[in-house]
Amino acid sequence: MKIRTRFAPSPTGYLHIGGARTALFSWLYAKKTGGEFVLRIEDTDRERSTQEAVDAILQGMNWLGLSHDEGPIYQTDRYDRYKEIIQTLLKQGDAYYCNCSRERLDEMREQQMANKQKPKYDGCCREKGLAEADDTVVRFKNPLEGDVVINDHVRGKVVISNQEIDDLIIERSDGNPTYNLTVVVDDWDMNISHVIRGDDHLNNTPRQINILSALGAHIPEYAHVPMINGTDGKKLSKRRDAVSVMQYRDEGYLREAVINYLVRLGWSHGDQEVFSLEEMIEKFDIDDINKSSSSLSVEKLQWLNQHYMKQMTAEQLAEELQFYIQQASLDVSKGPDLVEVMKVYQDRCSTLVELVEDIRYFYEDITEYNAKQAKKQFKGVAKDVLLALKEAYEKLDNWRAEDIHKVVEATVEKLDVGFGKVGQPLRLAVTGHGKSPSIDVTLELLGKQETLNRLTRAIAFISQ
């Protein structure tokens, strides 16, 4: 049987980091085995499903580069098929109509809990032979004896007694099919061979296997992946953690770094930390997925992102930066060549957002100075230093880093002060915050006229 995996998100919000990892694992396994990856949108919850959420999921998948071989397939387009299967189960005697009221079910569960029993439907309507009516639901007639055995690729052999499983509803009174029925039909019709999903679905698996068995359908192999915890080791929190895939994009992380980060959240290959996409496809195996939960680590993601930034050419990095330059409303046409700036800054930042902020002073006028730095650096001989530098730079014909540095050395000697007394005020004057690569390289990129303009402005500021 051809390997076919699927990712089946519910469009009730953004692409969650846990869902993205599941999608990645499913995609990798299909690619490794020469199989196919199916994207299915489980949108039967009409009250919560939105087109905005569908778009967000597709955007996240596209940004990660997880292209699908089939889909997206929408469950709402397949209602006739679900109804057909429900009728089949009814005719076979594997499903039945139930008219138990909400009040009766609530009372039943309260009594079961009072008796310290596991709450589950008691089969009241199982043998009544009721006909369809406005208030009836359809329940699957789960086997009363035997066990369901799941040979899970992550958890190993899992055995669930059928006595633990109740007769679940497969069609609501409004005629809409339920999740466990639609998933079964879709996996069957789409020839899904391997279901890779979060272990929060493990309780659903024996129910789904029993429905598949009743239909005489092929039963997929399962891999239930442990959940991802937040940076504090606890359940993911929107307040504490970046839980949306596109949030990582917006915070300045490269797609390659996020993919590498995701694959290491619950899977490993020896001690290797950095994987190219080709290496992931070659080495990934669902049998190597960790059994224990993994936790987010901002430090690990930043380290990976910096690694990938360093591996790029300056041209590639400049191209990646375009989105963030637009977001920051930065006009890089008014300043030094961006590629040349990237050559200097490539090793200095861990995110693209940080990089944009660090180079902003090249492309915007300095309108104010860091108050703390100005109080520290613009005092004493600072004005005399900047005046001397301005005078020397006005006479400098070769605006190269080497010659620019010689002027700094000459000023140190002329005024008989330490290098810090020259370099730090100069750096603050041209950057506004005092943070930059070596000052001679910075000034060469900035250009002679702009350097003189900023020295003039700083001198006026000190003179106030």
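Located above this text is the structure these notes cover.
Each chain carries its own residue numbering, running from 1 in the direction its sequence is written. Selection of residues for local features in this predicted model requires a pLDDT of at least 70, selection of side-chain atom pairs for listing and counting requires 80 or more, and totals for whole chains, interfaces and linings are taken over all residues. The basis for every side-chain value is the complete set of heavy atoms in the structure, and neither hydrogens nor water enter the calculation.

Here the focus is the overall build of the protein. The number of helices and strands found in the protein is 20 helices and twelve strands. Sequence separation of at least 24 residues holds for 76% of the intrachain contacts in the protein that already meet a minimum separation of 6. Accessible surface, the protein as shown: approximately 22,400 Å² in total, 45% of it carbon and sulfur. Think of it this way: Lys and Arg go in the positive column, Asp and Glu in the negative one, and His and the chain ends go nowhere. Charge positions are represented by NZ for Lys, CZ for Arg, CG for Asp and CD for Glu. Within the protein, the 75 negative side-chain charges are centred at a point lying 4 Å from the centre of the 60 positive side-chain charges. The way it works is that DSSP assigns letters per residue, a run of H or I at least four long becomes a helix, a run of E at least two long becomes a strand, and they are numbered from the N terminus. The contact definition used throughout considers only heavy atoms, calling two residues in contact when any of these lie within 4.5 Å. To measure how exposed things are, a 1.4 Å probe is used in the Shrake-Rupley method; for residues, cover is taken only from the protein chains shown.

On to the pattern of salt bridges. Note on definitions: salt bridges are taken to be side-chain nitrogens of Lys or Arg within 4 Å of carboxyl oxygens of Asp or Glu. On inspection of all chains with the given rule, the structure shows 32 salt bridges. Here Asp189 and Arg81 are joined by a salt bridge, their closest N and O atoms 2.8 Å apart. Remark: Arg81 occurs in helix H3 (residues 79-92) and Asp189 occurs in helix H5 (residues 179-189); sequence separation between them is 108 residues. Relative accessible area serves as the criterion here: at 28%, Asp189 is assigned to the partly exposed category. A simple rule labels every residue: compare its accessible area, found with a 1.4 Å probe on the protein chains alone, to the largest value its type can have, and call it buried under 20%, exposed over 50%, or partly exposed in between. Taking the relative accessible area as the measure of exposure, Arg81 reaches 22% and is therefore partly exposed. A salt bridge links Arg454 to Glu450; the shortest N-O distance between them is 2.8 Å. Of this pair, Arg454 and Glu450 both sit in helix H20 (residues 448-463), four residues apart, which is roughly one turn of the helix.

Before going further, it helps to examine the packing of aromatic side chains. Two descriptors summarise a pair of aromatic rings, namely the distance from one centre to the other and the angle between the planes of the rings. Aromatic rings from Phe, Tyr and Trp, taking only the six-membered ring of Trp, are treated as a pair when their centres fall within 6.5 Å; an angle between ring planes under 30 degrees marks them as stacked, one over 60 as edge-to-face, and anything in between as tilted. Applying the stated criterion to the full structure yields 14 aromatic pairs. Between the aromatic rings of Phe25 and Phe284, the centroid separation amounts to 5.2 Å while the plane-to-plane angle is 35°, which identifies the pairing as tilted. Linking Phe25 in helix H1 (residues 17-32) with Phe284 in the loop between helix H9 (277-283) and strand S12 (294-295), this pair joins segments that are 259 residues apart in sequence. Residue Phe25 shares its accessibility class with Phe284, and that shared class is buried. Through pairs of rings, three or more aromatic residues link up here, namely Phe25, Trp267, Phe275 and Phe284. Criterion for a charge above a ring: Arg CZ or Lys NZ at most 6 Å from the ring centre, at most 35 degrees from the ring normal. Geometry around Trp188 places Arg81 over its ring, the cationic atom sitting 5.6 Å from the centre. Note that Arg348 overlies the ring of Tyr345, its terminal NZ or CZ placed 5.6 Å from the centroid.

A few words now on the nonpolar core. What is meant by a nonpolar core is a set of buried Ala, Val, Leu, Ile, Met, Phe, Trp, Tyr and Cys residues, joined one to another through side-chain atoms within 4.5 Å. The biggest cluster of nonpolar side chains holds 101 residues, and the ones touching the most others in it are Leu64, Met342, Leu355, Ile359 and Tyr393. In terms of residue count, H1 provides more of this core than any other element does, nine residues in total. Once residues within four sequence positions are removed from consideration, Leu355 is found in contact with Met309, Leu317, Leu321, Met342, Tyr345 and Cys349. Of all hydrophobic cores here, the second largest spans 31 residues; its members include Tyr97, Met190, Ile192 and Tyr222.

Omega for the bond connecting Gly71 with Pro72 falls within 30 degrees of zero, at 0°, which places this linkage in the cis form. Its location among the elements puts Pro72 in strand S3 (residues 70-74). Positive phi, close to 55°, is recorded for Ser329, a residue that is not glycine. Along the chain, Ser329 falls in the loop between helix H12 (322-327) and helix H13 (338-345). Its identity is not glycine, yet Asp416 carries a phi of approximately 55°, on the positive side. Along the polypeptide, Asp416 turns up in the loop between helix H17 (401-415) and helix H18 (419-431). The exposure class of Asp416 is exposed, given its relative accessible area of 69%.

Okay, H1 next. Given a rise of 1.5 Å per residue, 16 residues ought to cover 22 Å, and the 22 Å separating the end C-alpha atoms of H1 matches this to within 8%. For H1, a buried count of 14 out of 16 residues is recorded, marking the element as mostly surrounded by other parts of the structure. Once H1 ends, the next one or two residues include Gly34, with phi positive near 70°. Take the residue count of a helix, subtract one, and multiply by 1.5 Å to get its expected span.

Take the pairing of strand S5 (residues 137-140) next. Residue alternation in S5 divides its side chains into two sets, Val137 and Arg139 and Val138 and Phe140, and both sets are buried. Paired strands, in this sense, are two strands between which DSSP finds at least two bridges. Where strand S4 (residues 95-98) lies against S5, four bridges are found, and the strand directions are antiparallel. Bridged to Cys98 within S5 is Val137. Here S5 pairs with strand S8 (residues 169-171) via two bridges, running antiparallel. Bridge pairing links Val138 to Glu171 in S8.

Moving on: the pairing of strand S6 (residues 147-152). Side chains of S6 alternate between two faces, with Val148, Ile150 and Asp152 buried and Asp147, Val149 and Asn151 left unburied. Relative to strand S7 (residues 156-161), S6 runs antiparallel, the two being bridged by six bridges. Bridging across to S7, Val148 finds its partner in Ile160. The turn linking S6 back onto S7 is made up of three residues.

Below, the discussion takes up the sheet that holds strand S1 (residues 4-7). With parallel pairing, three strands are arranged side by side in an open sheet as S1-S2-S3. Taken across any chain shown, the strands that pair with only one partner, and hence form the sheet edges, are S1 and S3. On average, each strand axis in the sheet is inclined to that of its neighbour by 25°, with strand direction left out of account. Sheet topology places S1 next to strand S2 (residues 36-41); four bridges connect them, and they run parallel. Residue pairing for S2: Phe7 is matched across the bridge by Leu39. Every angle, taken between N-to-C directions, lies between 0 and 180 degrees, and every axis is a line fitted to C-alpha atoms, over only the stretch in contact when it is a helix.

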